[in-house]
Amino acid sequence: MSDTLLVEKEGGIATVTLNRPNAMNALSRELRAALATTFDELEADPETRVVILTGAGDRAFTAGLDLKELGSGGGNFSTQATITDKDPVTSIGKFSGPVIGAINGVAITGGFEIALACDVLIASENARFADTHARVGILPGWGLSQKLSRLIGIYRAKELSLTGNFIGAEQAAEWGLVNRVVPHDELLPTCRQLATDMLSVVPECLPAYKALIDEGFAQSFGEGLKTEARVSGEANTKVSSSAIEERREGIRQRGKSQA
């Protein structure tokens, strides 16, 4: 494993850390390849059911593609960057369990796209987001132009992408881009608790429910309802009434403890 990426596993949770803090965790070719390969390996590991993705330090989740590396190479952008390289966003998307983005600092351009590849985003107070593709003079290729408008609305997405302006963590939360903002020191503990909560659901439901949400989100509302009816109809016939009865008390007690 490259030292540009750190992986720690414990109790079904893998914490993946982009580890180039002196370079704002910029996505060099080496780091992009390591990130893609790591998620492929985690998907193949039956013991890993939830992943937390974060950056080293308190300044950057990732500042995006390493522009210094790209600027020193020959040829054009597509021959240097993403066209022939393994795509980390695709590999993250293929992980069947939840991916929690612990956004510890700036998430810029390609780094913004890496953040949007996660299923849940928790931001520290240091988090900031910017889409600077238009300022670099390139167009996004990892999904940002389509995902962002679906998440925060087309008008806000156009404001961000057509200006390259930054927004802070609190504004990101107000716009629905992140789930919530926590103090920096509480970021990883909050994400680990969230991952633990996810691991406490019925095991087979975790990847199945994520897949159902993602499949329906990519469809029209009407088609999504049809998808839900089809998938739930097939899955729910396998659940016995005795299993539901066994779980009922646990659900009741959990509800009381969270009141």
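A brief structural summary. These numbers were taken from a predicted model, which means no experiment stands behind them.

## Some remarks on the sheet that holds strand E6 (residues 106-108)
Reasoning step 1: The strand order E4-E6-E8-E9 describes an open sheet built from four strands, whose pairing is mixed. At either end of the open sheet lies a strand with only one pairing partner, and these are strand E4 (60-62) and strand E9 (166-168). Across this sheet, the average inter-strand angle for adjacent strands is 20°, counted without regard to direction.
Reasoning step 2: Pairing analysis gives three bridges linking E6 to strand E8 (residues 128-130), with the strands arranged parallel. Bridged to Ile-108 within E8 is Ala-130.

## Structural notes on helix H10 (residues 187-199)
Reasoning step 1: Its 13 residues place the ends of H10 19 Å apart at the C-alpha level, agreeing with the 18 Å of an ideal helix rising 1.5 Å per residue.
Reasoning step 2: Contacts from the buried residues of H10 go to strand E2 (13-18), strand E3 (50-55), strand E5 (99-103), strand E7 (120-124), strand E10 (180-182) and helix H11 (205-217).

## A look at the packing of aromatic side chains
Reasoning step 1: Evaluated as defined, the whole model comprises two aromatic pairs.
Reasoning step 2: Their ring planes at 85° and their centres at 6.3 Å tell us that Phe-39 and Phe-95 sit as a pair that is edge-to-face. Of the two residues, Phe-39 sits in helix H1 (residues 29-43) while Phe-95 sits in the loop between helix H4 (88-93) and E5, which places them 56 residues apart along the sequence.
Reasoning step 3: Take Phe-39: its relative accessible area is 0%, and that puts it in the buried class.

## What to know about the pattern of salt bridges
Reasoning step 1: Taken as a whole, this structure holds eight salt bridges when the rule is applied.
Reasoning step 2: Between Lys-210 and Asp-119 there is a salt bridge, and its shortest N-O distance comes to 3.0 Å. Taken as a pair, Lys-210 in helix H11 and Asp-119 in the loop between helix H5 (110-116) and E7 lie far apart in primary sequence, 91 residues in all.
Reasoning step 3: Measuring nitrogen to oxygen at the nearest pair gives 2.9 Å for the salt bridge that ties Glu-249 to Arg-252. Remark: Arg-252 and Glu-249 occur in helix H13 (residues 241-257); sequence separation between them is three residues, near one turn of the helix.
Reasoning step 4: The partly exposed category is assigned to Glu-249, whose relative accessible area is 35%.

## Details of the sheet that holds E5
Reasoning step 1: The strand order E1-E2-E3-E5-E7-E10 describes an open sheet built from six strands, whose pairing is mixed. Each edge of the sheet is formed by a strand with only one pairing partner; in this case those strands are strand E1 (5-10) and E10. Averaged over all pairs of adjacent strands, the angle between strand axes in this sheet comes to 20°, irrespective of strand direction.
Reasoning step 2: Pairing geometry for E7 and E10, over three bridges, is parallel. Bridged to Ser-124 within E10 is Val-182.

## Digging into the packing of H11 against helix H12 (residues 221-236)
Reasoning step 1: It is at 8 Å that the axes of H11 and H12 come closest, and there the two elements cross at 155°. As summarised for this structure, H11 and H12 are arranged roughly antiparallel, according to the angle between their axes. Crossing angle aside, the handedness with which H11 passes H12 is right-handed. On the side of H11, the interface is formed by Leu-212, Glu-215 and Gly-216, while H12 contributes Gly-224, Thr-227, Glu-228, Arg-230 and Val-231.

## Quick notes on the side chain of Lys-210
Reasoning step 1: Under the relative-accessibility criterion, Lys-210 is labelled buried at 12%.
Reasoning step 2: Reaching out from Lys-210, the side chain makes a polar contact with the backbone oxygen of Gly-97 at a distance of 2.6 Å.
Reasoning step 3: If we ignore the near neighbours within four places in the chain, the residues touching Lys-210 are Phe-95, Ser-96, Gly-97, Pro-98, Asp-119 and Cys-205.

## Observations concerning the packing of helix H7 (residues 144-152) against helix H8 (residues 154-163)
Reasoning step 1: Between H7 and H8, the shortest axis-to-axis distance is 7 Å and the interhelical angle comes to 135°. Taken together, H7 and H8 sit at an angle that is classed as oblique. For the pair H7 and H8, the sense of crossing is right-handed. Where H7 abuts H8, its residues Leu-144, Leu-148, Ser-149 and Ile-152 lie against Ile-154, Arg-156, Ala-157, Leu-160 and Ser-161.
Reasoning step 2: By residue class, the composition of the contact of H7 with H8 is six nonpolar, two polar and one charged.

## Quick word on the pairing of E2
Reasoning step 1: Summarising burial for E2: six of the six residues are buried, a large majority.
Reasoning step 2: What you see with E2 is no split at all: Ile-13, Thr-15 and Thr-17 on one side and Ala-14, Val-16 and Leu-18 on the other are buried throughout.
Reasoning step 3: One ladder, built from six bridges, connects E1 with E2; its direction is antiparallel. Paired with Val-7 across the strands is Val-16, a residue of E2.
Reasoning step 4: Between E1 and E2, which pair antiparallel one after the other, the connecting turn spans two residues, and Gly-11 there sits at a positive phi close to 60°.
Reasoning step 5: Taken together, the six bridges between E2 and E3 define a ladder with parallel strand orientation. Opposite Thr-17, over in E3, you have Thr-54 as the bridge partner.
Reasoning step 6: Note on the crossover from E2 through H1 to E3: the handedness is right-handed.

About the criteria used
- Throughout, residues of each chain are indexed from 1 in the direction in which the sequence is written.
- Reporting of local features is limited, given that this is a predicted model, to residues whose pLDDT is at least 70; pairs of side-chain atoms are given and counted only at 80 or more, and all residues count toward the totals for whole chains, interfaces and linings.
- Hydrogens and waters are ignored; side-chain quantities use all the structure's heavy atoms.
- One requirement defines pairing of two strands: DSSP has to find at least two bridges between them.
- Only DSSP runs of H or I with at least four residues qualify as helices, and only runs of E with at least two residues qualify as strands; both kinds are numbered from the N terminus onward.
- Axis definition: a line fitted to C-alpha atoms, over the contacting stretch in the case of helices. Angles run 0 to 180 degrees between N-to-C directions.
- How far a helix is expected to stretch is found by multiplying one less than its residue total by 1.5 Å.
- Every residue pair with non-hydrogen atoms within 4.5 Å of one another is taken to be in contact.
- In summary, the pairing rule links any two rings of Phe, Tyr or Trp, Trp by its six-membered ring, whose centres are within 6.5 Å, and it sorts them by plane angle into stacked for under 30 degrees, edge-to-face for over 60 and tilted for everything else.
- The buried label goes to any residue with under 20% of its type's maximum accessible area, the exposed label to any with over 50%, and the partly exposed label to all in between, with areas taken from a 1.4 Å probe on protein chains only.
- Just to be clear on terms, a salt bridge is a Lys or Arg side-chain nitrogen sitting within 4 Å of an Asp or Glu carboxyl oxygen.
- Reported orientations rely on four angle classes, namely roughly parallel under 35 degrees, roughly antiparallel over 145, roughly perpendicular from 65 to 115, and oblique for the rest.
- Handedness of a crossing follows from how the near helix is turned relative to the far one, being left-handed for an anticlockwise turn of less than a right angle and right-handed for a clockwise one.
- What qualifies as a polar contact is a pair of N or O atoms within 3.5 Å, subject to a donor-acceptor requirement within protein and to the restriction that residues adjacent in sequence count only when both atoms come from side chains.
- Each residue gets one of three labels, nonpolar for Ala, Val, Leu, Ile, Met, Phe, Trp, Tyr, Cys and Pro, charged for Asp, Glu, Lys and Arg, and polar for the others, Gly among them.
- Handedness rule for crossovers: strands pointing away from the viewer, path from the first strand over the helix to the second running clockwise, crossover right-handed.

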